[in-house]
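Close look at the chain arrangement
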Amino acid sequence: MAGIEADHQINQAELEALQNWCDARREFAEYPPFCEILPMIDTALSDGILTAEEYHDITFVCENIANDSVISEAFTRYIQEFEGFLHGILADGEINDDEVYSLRRWLNTYTCLRGTYPYDEINALVEGILADGIITDDERNMLLAYCSNFVDTSSTSNLSDEELENLRQIYQIDGICALDPQIELVGNEICFTGTSSRTTRNEIAQAITAHGGKFNNNVTKKTRYLVVGDDGNPCWMFACYGRKVEKAVQLRKQGLPIQIVHESDLWKVLDAAQ
């Protein structure tokens, strides 16, 4: 909200951008904080005009939500449920096909967790495994090895820390690109790693800044998206590697809202904005 009013006036293009922002989050409408914010913005925009009073009312609610521990507690609870679900799947020391599909259904139910760790990673991994409709033993073991990073194995007799560590060494995954992420360029810091098959890094930086983003050649605590060059490979399906990816993964583990995204997803946003 503060961004569209930064020049002390709100034009029609900015109102359309605000409406598009709401429309892009309809699937989260039943989850906090969107269940409170979206109806309020919809009502304010229903006549095509955002008055000063409506703007300040929406801003007031957004600021309160940002400082509201209830929202934080809700997401913490969802993450705890996620960890419990993963623990249940791994409880017998193996993952079968039904459990993979059940995990996908759980992920599709809690899409409000997009952007949080490790939702994006596991969601992309599961979708990559199911992309061809066949689940191989290697894919089951890879999923088992990766998910074991997020459960307490000490309370489960069927899970051996030594066996899991050996499995993690065989199926080592350093970083995974988010699947079909919602990328917002305006006001956000974006970093690029790898090689693009489409253009140069300088041209990518120029395109990002031309559309309101901030390009940084290094991953920092302010980085919102780390874009991984496609190199002609759909790396999101399994893993993407590199020093910047490693740093981004560490920041995500610390709870910072940085997303690792595939270059193709960035171009979807840039091309649509032309």
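Residues numbered from 1 in each chain as written. Predicted model: local features only at pLDDT ≥ 70, side-chain atom pairs only at ≥ 80, totals over all residues. Heavy atoms only, no water.

Below, the discussion takes up unusual backbone geometry. The peptide bond linking Tyr117 to Pro118 adopts the cis configuration, its omega dihedral lying at 5 degrees. As for its position among the elements, Pro118 is in the loop between helix H5 (97-109) and helix H6 (119-130). (Helix = DSSP H or I, 4+ residues; strand = E, 2+ residues; numbered from the N terminus.)

A few words now on the side chain of His262. Structurally, His262 can be placed in strand S4 (residues 259-262). A distance of 2.7 Å separates polar atoms of two side chains, one belonging to His262 and the other to Ser264. (Polar contact = N/O pair within 3.5 Å; in protein donor to acceptor, adjacent residues only side chain to side chain.)

All right, on to the nonpolar core then. What tends to happen in soluble globular proteins is that the nonpolar side chains get buried as a cluster. Judged by nonpolar contacts, the single largest core of 53 residues is most densely connected at Leu103, Leu113, Ile122 and Leu143. Listing elements by their share of this core, those giving two or more residues are helix H1 (12-23), helix H2 (34-45), helix H3 (52-66), helix H4 (69-90), H5, H6, helix H7 (137-147) and helix H8 (161-170). Beyond its immediate chain neighbours, meaning those up to four positions away, Leu103 contacts Phe82, Phe85, Leu86, Ile89, Ile122, Val126 and Leu143. (Core = buried A, V, L, I, M, F, W, Y, C linked by side-chain atoms within 4.5 Å. Buried < 20%, exposed > 50% of the residue type's maximum accessible area, 1.4 Å probe, protein only. Contact = heavy atoms within 4.5 Å.)

A separate point is helix H10 (residues 243-253). For H10, the full list of buried residues reads Lys244, Val245, Ala248, Val249, Leu251 and Arg252. Within H10, the buried residues cover an arc of 160 degrees as seen down the axis, which keeps them to one side. Away from the buried face of H10 by more than 90 degrees, exposed residues Arg243 and Glu246 are located. Among the structural elements, H6, strand S1 (189-193), helix H9 (201-210), strand S3 (223-228) and S4 are those in contact with the buried residues of H10. Gly255 lies just past H10 and shows a positive phi near 95 degrees. (Arc of directions from axis to C-beta.)

Turning next to the pattern of salt bridges. Here the idea is simple: oppositely charged side chains can pair when their charged atoms come close. Scanning the model with the defined rule gives eleven salt bridges in all. Close ionic contact of Arg26 with Asp42 constitutes a salt bridge, the shortest N to O distance being 2.7 Å. Residue Arg26 is found in the loop between H1 and H2, and its partner Asp42 is found in helix H2; the two are separated by 16 residues along the sequence. Among the residues examined, Asp42 registers a relative accessible area of 24% and is labelled partly exposed. Among the salt bridges present, the one from Asp265 reaches Lys268, with a minimum N-O distance of 3.4 Å. With Asp265 and Lys268 both in helix H11 (residues 263-272) and three residues apart, this pair spans about one turn of that helix. A relative accessible area of 52% places Lys268 in the exposed class. In the salt-bridge network here, residues are joined through shared partners; they are Asp23, Arg26 and Asp42. (Salt bridge = Lys/Arg side-chain N within 4 Å of Asp/Glu carboxyl O.)

Without other data, these values stay purely geometric and don't point to any function.
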